[in-house]
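# A look at the structure
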Protein chains: 2
Amino acid sequence: MPNSYKLLNGRAIAAQIRKDVASEVETLKTEGWPVKLVSISMGDVEASALYVRNQQKAAEKTGIAFEARHYPAEIGRDELLGIIQGLNTDPRVTGIIIQRPTPKHLTERRLQRTVHPLKDVEGMHPSNIGDIVYNDLKMGPCTAVAAVELLKSTGVNLEGLEVTVIGHSAIVGKPIAFLLMAQGATVTVCHHETRNIAMHSRSADAVFVAVGKPGLVTGAMLKPGAVLIDIGINQIDTADGPKVVGDADFESCADVAGWITPVPGGVGPVTVATLLKNSVTAARLQRDHYASEFATRTSA
Amino acid sequence: MPNSYKLLNGRAIAAQIRKDVASEVETLKTEGWPVKLVSISMGDVEASALYVRNQQKAAEKTGIAFEARHYPAEIGRDELLGIIQGLNTDPRVTGIIIQRPTPKHLTERRLQRTVHPLKDVEGMHPSNIGDIVYNDLKMGPCTAVAAVELLKSTGVNLEGLEVTVIGHSAIVGKPIAFLLMAQGATVTVCHHETRNIAMHSRSADAVFVAVGKPGLVTGAMLKPGAVLIDIGINQIDTADGPKVVGDADFESCADVAGWITPVPGGVGPVTVATLLKNSVTAARLQRDHYASEFATRTSA
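All values derive from a computational prediction rather than experimental measurement.

Rules behind the numbers
Starting afresh in each chain, residues are numbered from 1 along the sequence in its written order. Chain labels run from A onward and ligand labels from 1 onward, assigned in the order the entries are written. Reporting in this predicted model follows two pLDDT cut-offs: at least 70 for local features of residues, and 80 or more for side-chain atom pairs to be given and counted; totals over whole chains, interfaces and linings ignore these cut-offs and use all residues. Side-chain metrics rest on all non-hydrogen atoms present in the structure, leaving aside hydrogens and water. UniProt positions are given in the numbering used here, feature names are shortened, and annotations may be inferred rather than shown by experiment. Only protein chains enter the calculation, and the probe is 1.4 Å; a residue is then buried if its accessible area is under 20% of its type maximum, exposed if over 50%, and partly exposed in between. The criterion used for residue contact is that any of the two residues' heavy atoms lie within 4.5 Å. Each helix corresponds to a stretch of at least 4 residues labelled H or I by DSSP, and each strand to a stretch of at least 2 residues labelled E; elements are numbered beginning at the N terminus. For this document, the term salt bridge refers to a Lys or Arg side-chain nitrogen within 4 Å of an Asp or Glu carboxyl oxygen. Throughout, an axis means a line fitted to C-alpha atoms (over the contacting stretch in the case of helices), and angles, computed between N-to-C directions, take values from 0 to 180 degrees. Crossing handedness follows the turn of the near helix against the far one: under a right angle anticlockwise gives a left-handed crossing, and clockwise gives a right-handed one. Polar here means any residue outside two lists: the nonpolar Ala, Val, Leu, Ile, Met, Phe, Trp, Tyr, Cys and Pro, and the charged Asp, Glu, Lys and Arg; Gly therefore counts as polar. Here the copies were fitted onto each other by least squares, based on C-alpha atoms from residues at pLDDT of at least 70 in both. Assignment of crossover handedness uses the view with strands pointing away from the viewer, where a clockwise path from the first strand over the helix to the second indicates a right-handed crossover. If DSSP finds at least two bridges between two strands, the strands pair. When two rings of Phe, Tyr or Trp (its six-membered ring) have centres within 6.5 Å they constitute a pair, described as stacked for plane angles under 30 degrees, edge-to-face for angles over 60, and tilted for the intermediate range. Definition of a polar contact: a pair of N or O atoms within 3.5 Å, with one able to donate and the other able to accept a hydrogen when the atoms are protein atoms, and with sequence-neighbouring residues admitted only if both atoms are side-chain atoms.

### Regarding the UniProt feature "binding site: NADP(+)" (unreviewed entry) in chain A
Residue and element names in this part refer to chain A. Per the UniProt entry, the sites bearing "binding site: NADP(+)" (unreviewed entry) are Gly167, His168, Ser169 and Ile233 in this numbering. With relative accessibility at 6%, the residue Gly167 sits in the buried group. Not counting the four nearest positions on each side in its chain, Gly167 is found in contact with Gly173, Val189, Cys190, His191, Ala210 and Val211. Within the secondary structure layout, Ile233 lies in the loop between strand 8 (227-230) and strand 9 (234-238). If near-sequence neighbours (up to four positions away) are discounted, Ile233 is found in contact with Val244 and Val245.

### A few points about the pattern of salt bridges
If you walk through the whole model with that rule in mind, you get 32 salt bridges over all chains. Linking Glu122 of chain A and Arg100 of chain A is a salt bridge whose minimum nitrogen-to-oxygen distance equals 2.4 Å. One end of the pair, Glu122 of chain A, is in the loop between helix 4 (108-112) and helix 5 (126-133); the other, Arg100 of chain A, is in the loop between strand 4 (95-98) and helix 4, with 22 residues separating them in the sequence. Given a relative accessible area of 25%, Arg100 of chain A falls into the partly exposed group. Residue Arg100 of chain B pairs with Glu108 of chain B through a salt bridge whose shortest N-O separation is 3.4 Å. Looking at Glu108 of chain B, the relative accessible area reads 31%, which means it is partly exposed.

### Thoughts on the UniProt feature "domain: Tetrahydrofolate dehydrogenase/cyclohydrolase catalytic" (unreviewed entry) in chain A
In this structure's numbering, the residues bearing the UniProt feature "domain: Tetrahydrofolate dehydrogenase/cyclohydrolase catalytic" (unreviewed entry) are residues 8-122 of chain A. Secondary structure content for residues 8-122 of chain A is 47% helix and 16% strand, while the C-alpha to C-alpha distance between its ends is 24 Å.

### Some thoughts on the packing of helix 6 (residues 142-152) of chain B against helix 10 (residues 267-294) of chain B
Residues and elements named next belong to chain B. At a minimum axis separation of 8 Å, helix 6 and helix 10 run at an interaxial angle of 115 degrees. Like other packed secondary-structure pairs, helix 6 and helix 10 cross with a definite hand, here right-handed. Here Cys142, Thr143, Val145, Ala146, Ala147, Glu149 and Leu150 of helix 6 come into contact with helix 10, specifically with Val267, Val270, Thr271, Thr274, Leu275 and Asn278. For the contact of helix 6 with helix 10, a count of residues per class yields eight nonpolar, four polar and one charged.

### Here's the deal with the relation of the copies chain A and chain B
When chain A is brought onto chain B, the operation consists of a screw motion whose angular component is 180 degrees and whose axial shift is 0.0 Å, with 0.0 Å RMSD remaining. Put plainly, the chains are arranged around a two-fold axis. Here 98% of the interface residues in chain A have copies in chain B that are interface residues too; the copies meet face to matching face.

### What about the pairing of strand 5 (residues 162-166) of chain A?
Residues and elements named next belong to chain A. Of all five residues in strand 5, five are buried; the element is thus mostly enclosed. Burial along strand 5 is two-sided: Glu162, Thr164 and Ile166 and Val163 and Val165, pointing in opposite directions, are all buried. In the classification by handedness, the crossover that spans strand 5, the intervening helix 7 (residues 173-182) and the parallel strand 6 (residues 186-190) is right-handed. Pairing of strand 5 with strand 7 (residues 206-209), which is carried by four bridges, proceeds in the parallel orientation. Counterpart to Thr164 in the pairing with strand 7 is Val207.

### Side note on the sheet that holds strand 7 of chain A
Pairing is mixed across the open sheet formed by 12 strands, whose spatial order is 1(A)-11(A)-8(A)-7(A)-5(A)-6(A)-6(B)-5(B)-7(B)-8(B)-11(B)-1(B). Two strands close off the open sheet at either side, each with one partner strand: strand 1 (6-7) of chain A together with strand 1 (6-7) of chain B. Sitting on the sheet, helix 7 (residues 173-182) of chain B touches strand 6 of chain A together with strand 5 (162-166), strand 6 (186-190) and strand 7 (206-209) of chain B, and the angle it makes with strand 6 of chain B is about 170 degrees.

### Looking at the environment of Val256 of chain B
Examined against the element boundaries, Val256 of chain B turns out to sit in helix 9 (residues 250-256). Residues Val256 of chain B and Ser4 of chain B lie 252 residues apart in sequence; the distance between their C-alpha atoms is 8.6 Å.

### Looking at the pairing of strand 10 (residues 241-245) of chain A
Residues and elements named next belong to chain A. Note that strand 9 and strand 10 share five bridges and pair antiparallel. Note on strand 10: the bridge partner recorded for Gln235 is Val244. Two successive antiparallel strands, strand 9 and strand 10, enclose a turn made up of two residues.

### Let's talk about the packing of aromatic side chains
The relation between two aromatic rings is expressed through the spacing of the ring centres and the mutual angle of the planes. The full count for this structure, using the stated rule, is seven aromatic pairs over all chains. Geometrically, the ring pair formed by Tyr5 of chain B and Phe250 of chain B is edge-to-face, given 5.9 Å between the ring centres and 85 degrees between the ring planes. Separated by 245 residues along the polypeptide, Tyr5 of chain B in the segment before strand 1 and Phe250 of chain B in helix 9 bring together distant segments of the chain. For Phe250 of chain B, a relative accessible area of 30% translates into the label partly exposed. Members of the aromatic cluster, connected to one another through ring pairs, are Trp33, Tyr290 and Phe294 of chain A.

### Section: the side chain of Thr186 of chain A
Considering the arrangement of structural elements, one finds Thr186 of chain A in strand 6. Within the structure, Thr186 of chain A has its side chain in polar contact with the side chain of Thr194 of chain B (distance 2.7 Å). In this view, Thr186 of chain A contacts Leu161, Glu162 and Val163 of chain A together with Thr188, Val189, Cys190, His191, Thr194 and His200 of chain B; residues no more than four positions away in its chain are not counted.

### Here's the deal with helix 6 (residues 142-152) of chain A
All names here are of chain A. Across the 11 residues that make up helix 6, a large majority, eight, are buried. Those residues of helix 6 that sit buried are Cys142, Ala144, Val145, Ala146, Ala147, Val148, Leu150 and Leu151. Check the buried side of helix 6 and you find it contacts helix 1 (10-30), helix 7, strand 7, strand 8 and helix 10 (267-294).

Structure follows, in structure tokens:
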């Protein structure tokens, strides 16, 4: 029976981030930099429509303009790249979101790296990822930043913290690893080829899991009192109908963990809030870049 | 007494890489893409002069042209950035090297990110680092790539290999970690804030150390038969005069390790060879980029 664990309330953390965002959006507007996102979906929208509507609602609540565009799956590669380049050079657009999934002939990465790094509010451009490696976080991948934010909200000291990250994707597992290294944590990254994940997770003060497999992490794999950040979002069928669960077996983990994220209501809401925070950062970076370009040069 | 360990001969591996480079340089030349590096040193050259001369000698031996430029420490920031931009747009220059140390008012990173990513033969531009995170290695940081090359030369299977990396710099420790993750290894990155490095290194099949502290790794910290890749280069005083050593205590480590790199003669020579290999890759990428820009577009 769960007794001592504390639930990490993603919705409350997200609400605080959104409040800060709203006030910064207001300031930027008075400085001539209204924040505006353009979302690009391609092909079958069913999969992402609800997700885009949620982003739109969240953005507009904080005063960020949101334009949802949709293009047919058959759109030509050059045409779409031209559209993105047009948005890059449009001063009225401060952020661009490429919705997934993308049609097969338009690889996600090719589109993502066409977005100007200063308008890359999803934090996925290679140069933004590379900046994190250099401990210079501008806009990080939203899910990774959100997961680290949840760990920080526990108040635990990251210096010297032993952390195991399960999952090594380029936009979740790996960025979590170097965001944490930048704060002094000792990080081990496990994945499907790891011989014995439990060996690593059992000695960790904090465990992150982002794999997409319900029940992958059980209480027996945790050190008593550890923080468990569950990034998985899986839909499963139960006797009571479909249900959304994470990658952890919540019951057994809650018995052992000191802190645990619920799914839903954990990393998810903070991820959306992080997208809005990145949107403010993007507008601010564009403002600073503009100012430095148009300032009179004083040096030779 | 060391008995069963095998020495990883960096000089032999480097010779093989240089041989391949020389033949590719020849091919590129016949295609209209002669490979040429420009090295930029600033201020006090004493520290880097020998290093630059070695690069020059190694480059010219493989048919790569090498121009060593030197600017006074007082050079203006805008002037130097303008020079780099000039080299970026000069079709006769296929690679640019920024020598360290740089004067205080010209931060290394600012200079490095002014180099065009396709001419970044040192593999240090954030977008090149970010590409490695995406498992898309174009030009990686030379020392990190060299260290991984030495591990591979043992023939050990990287899938599921347990690796401990000691040192988490942006251009050595961290890139080693994701180069290895891309190959299926389980990687733990330790550093000065790690509580107990030995706990991690003792369970590792391979240990990389890049910290700059002689004697940091001892035999007692290794699992019998492990591969030890020593990236440190430290000058120490001994009764017989100054001596160059790595970060490992060679005697005690050689007793326990299965494979070990000597210092000097291990990672060092392979690092220089990797710079030349990157130079060929850079020229090839520029050739491909040029070709795709000037090809007739067939799609809309």
